[in-house]
Each structure stands twice: as structure tokens, then as C-alpha cells.
Amino acid sequence: MADDIVQGHLGDCYFIACLAALTGKPERIIRIIKSGEVNKSGLYVINLCVNGYWQDVIVDDSFPVLSGTNKLAFAHARMKDGKGSLWVPLIEKAWAKLNGNYDRVVMGGVDLGFIHLCGVPSSGFKHLLMKNDQGRKHLWSALIEGEQNRHLITTGTIDSNLKVEELTSFNLRANHCYSVLQVVEHNNLKLLKLRNPWGSNAWNGKWSDQDQATWNSNSDLLDLGVCPTMVDDGIFWMSLEDYVRYFSFSNICHYNDDDKHSYAFMNKQVAKESYFNFKVEQK
């Protein structure tokens, strides 16, 4: 389902990247959406973790659209056979409601997305500290462990670590988050499968869809299901070396499908809900 998600025109790539990483197993999404069926009332219950407590967030199915169209402006699922799906915009809307409005979720850290979607902490790795052999070995060990434990992994670019021109020359975006969908080691090759939450604009360097020479010389990877997608879906493969060079950080969420616990901030009070009434008089 990760390739179904399209970010749209809201700058919350950190949250959409986390959501895409979560879709490896459908039951992970079902756990968040408590209202699993389309209903006539148009009201849905989304379960998010706030300061260690799972809370129900009620949202409706009215979403912003692009001017002059009926196309969703923000995050949505790709249309299939002329039909769409509500789960992506519903979860994004719940996240916006939790923060006050859509504008207040523009820009953020993937750790925020993971904590609220999964209720568990994540570990961060700065790639500037991983440039040497020992650093890359440490990072790769953590990535492989995350892959084996089916943990959720995201990454991102920061323009202060690399020139924007160098990123864009390889079709990467500065200050942008990506999902890491798979980590593979085979015959001394260390490869990662990533996804741009835009659902397009994939890496065009070594191991990209366009790099047929490299793929042809490593055809044994096909037996592992490692191959280019050959469609404009934002999904691409790259080597660990390029990953460390062009991306600025890795974030691994220690999500476990059997977990019965959640993560709470220490020494932080949970805000009590407050309500008020108002009356609008028509003149």
C-alpha cells in the first residue's frame, strides 16, 4: 500500500513518509482507523497516541480540493479503476485536527510522526557521523536489524549538509523526508529501497530505474525480488554509500506488532480537554 500514498500540496512529508513506512502490514493501518467501513454519517474515528495515551480523534470526510476541481489537494490514495480510498486523507486530517489545523502540521520531524502513529520511540542517526567505514558499519548494522525486526525506517535530506544543486541533479529534494521500504545485503552489496512520499520524482543515480547497466550486471538480485519498478511511483533503489552521502539522517521506529505498551514523555502533563459554547447571530 505504500505506493498508493501521494503527499499532495501540504508540506507534511515527514508524516506521510512515516505513514508509508507503516503500510508494510495492513493490520497496522487497521489499528489506527477504528471506523473501518464507509458510513452515511461521514464521521470516522482515528486512533493516535498523544503523550503516551491512545486517543480517539473524530473527523469527517470533507477534505480540501484543488481550485476548480474535485481532486484532493492534500494527501490521498491513488485512484484504482476509477475509485479512491479514504484512509490516507482521514489519518492526515486527524493529525491536522490534533495540531489545530492543516497549516500547523507543515514541516516537522519524523520522530513526531512515529510517536503519534505507533506510540513507540525511534532512534536517530546523523549521517555526518557515519562517513567513515566504522560509521557506515554501525549504521548498516542498525538498518539490517530494523529490517529483520520489521521496524519502520525513514530518512531525509537537509540542505545545510549538501548543496541543493547536487541533490536536484540526482532528482532528490532538499529538506524532504523519504520512507525506507527495504534493506538488502547480498554478495557484499548493501542496497536500500526508498520511496518519495510525492509518489513520483525518484532518484536517477546508480541503481535507479534508468541504470540498466548496473542492474544487468547483477541479475542474480532478481531471485531476491530486488529489481527496479520501471514506473514513476517515487520508489527507487540505491547503495549504502550513496544513501549516506545524499541523505542526512536515518530514523528507526522500534515498532513491534505484538507490543502492548506505548511511549510517554517523562514529566509532562497530559492536557485536559476543554469545551466552550458560542452563538452566531445572523444579521
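What this report covers is the structure whose coordinates are included nearby.

What counts, and where the lines are drawn
Each chain carries its own residue numbering, running from 1 in the written order of its sequence. Selection of residues for local features in this predicted model requires a pLDDT of at least 70, selection of side-chain atom pairs for listing and counting requires 80 or more, and totals for whole chains, interfaces and linings are taken over all residues. The basis for every side-chain value is the complete set of non-hydrogen atoms in the structure, without hydrogens or water. Between Lys or Arg on one side and Asp or Glu on the other, a salt bridge is scored when a side-chain nitrogen of the former is within 4 Å of a carboxyl oxygen of the latter. By the criteria applied, helices consist of DSSP H or I runs no shorter than four residues and strands consist of E runs no shorter than two, each listed in order from the N terminus. Only protein chains enter the accessibility calculation, which uses a 1.4 Å probe. A residue is then buried if its area is under 20% of the maximum for its type, exposed if over 50%, and partly exposed in between. Inter-axis angles, ranging from 0 to 180 degrees, are taken between N-to-C directions of lines fitted to C-alpha atoms, where helices are fitted over the stretch in contact. Put simply, angles under 35 degrees are roughly parallel, angles over 145 are roughly antiparallel, angles from 65 to 115 are roughly perpendicular, and the rest are oblique. Here is the rule for handedness: rotate from the far helix to the near one, and if that takes an anticlockwise turn smaller than a right angle the crossing is left-handed, while a clockwise turn gives right-handed. In this analysis, two residues are considered to be in contact whenever any of their non-hydrogen atoms come within 4.5 Å of each other. Residues are grouped as follows: Ala, Val, Leu, Ile, Met, Phe, Trp, Tyr, Cys and Pro are nonpolar; Asp, Glu, Lys and Arg are charged; every other residue, Gly included, is polar. Whether two strands pair depends on DSSP finding at least two bridges between them.

1. Looking at the pattern of salt bridges
- Taken as a whole, this structure holds five salt bridges when the rule is applied.
- For Asp60, the salt bridge identified is with Lys93, shortest N-O distance 2.4 Å. Remark: Lys93 occurs in helix H3 (residues 87-99) and Asp60 occurs in strand E3 (residues 53-60); sequence separation between them is 33 residues.
- A residue is classified by how much of its surface remains accessible, and Asp60, at 31% relative accessible area, is partly exposed.
- Overall, Lys93 belongs to the buried group, its relative accessible area being 15%.
- Arg136 is the salt-bridge partner of Asp133, the closest N and O atoms lying 2.7 Å from each other. Here the residue Asp133 and the residue Arg136 both occupy positions in helix H5 (residues 133-148), the gap between them amounting to three residues, near one helical turn.

2. Re helix H1 (residues 13-22)
- By the criterion of burial, H1 is predominantly enclosed, with ten of the ten residues buried.
- Among the residues of H1, Cys13, Tyr14, Phe15, Ile16, Ala17, Cys18, Leu19, Ala20, Ala21 and Leu22 are the ones counted as buried.

3. Overview of the packing of H1 against H3
- Contact pair H1 / H3: the axes reach a minimum separation of 11 Å and the direction vectors enclose 130°. Overall, the two elements H1 and H3 adopt an arrangement that is oblique. In the crossing of H1 with H3, the sense of the turn from one axis to the other is right-handed. In this structure, H1 uses Tyr14, Phe15, Ile16 and Leu19 to contact H3, whose residues at the interface are Trp87, Val88, Ile91, Glu92 and Trp95.
- For the contact of H1 with H3, the residue count by class is eight nonpolar, no polar and one charged.

4. What to know about helix H4 (residues 110-118)
- Most of H4 sits out of view: seven of its nine residues are buried.
- When H4 is considered as a whole, its buried residues turn out to be Val110, Gly113, Phe114, Ile115, His116, Leu117 and Cys118.

5. Re the environment of Glu166
- With respect to the helices and strands, Glu166 occurs in helix H6 (residues 164-169).
- Sequence spacing of Glu166 and Tyr246 is 80 residues, and the spatial spacing of their C-alpha atoms is 8.6 Å.
- If we skip the residues at most four places from it in the chain, Glu166 touches Arg245 and Tyr246.

6. Section: unusual backbone geometry
- Phi at Met107 takes a positive value of approximately 65°, unusual for a residue other than glycine.
- Mapped onto the elements, Met107 comes out in the loop between H3 and H4.
- Judged by relative accessible area, which is 68%, Met107 ranks as exposed.
- Look at Asn188: it is not a glycine, yet its phi comes out positive at around 70°.
- With respect to the secondary-structure elements, Asn188 resides in the loop between strand E7 (176-186) and strand E8 (189-195).

7. A word on the pairing of E3
- Judged from the eight bridges that link them, strand E2 (residues 43-50) and E3 form a sheet pairing that is antiparallel. Directly across from Val45, in E3, lies its bridge partner Ile58.
- Joining the antiparallel neighbours E2 and E3 is a turn of two residues, in which Asn51 adopts a positive phi near 55°.

8. Focus on the packing of H1 against H4
- Where H1 meets H4, the closest approach of the two axes is 8 Å, and the angle between their N-to-C directions is 50°. Considered as vectors, H1 and H4 are oriented oblique to each other. Crossing of H1 against H4: the hand is right-handed. Contact residues: Tyr14, Phe15, Cys18, Leu19 and Leu22 in H1; Val110, Gly113, Phe114, Leu117 and Cys118 in H4.
- Here the contact of H1 with H4 is composed, by residue class, of nine nonpolar, one polar and no charged.

9. Some points on the sheet that holds strand E5 (residues 122-126)
- In spatial order, the strands read E5-E10-E6-E7-E8-E9; together these six strands make up an open sheet with antiparallel pairing. Looking at the sheet topology across the chains shown, the edges are occupied by E5 and strand E9 (235-239). Averaged over neighbouring strand pairs, the angle between their axes works out to 30° when direction is ignored.
- With five bridges joining them, strand E6 (residues 152-157) and E7 adopt antiparallel strand pairing. Note on E7: the bridge partner recorded for Thr154 is Ser179.
- The strands that H4 touches are E5, E6, E7 and strand E10 (249-253); relative to E10, the one it contacts most, it runs at about 10°.

By themselves, these are just geometric observations and shouldn't be taken as functional.
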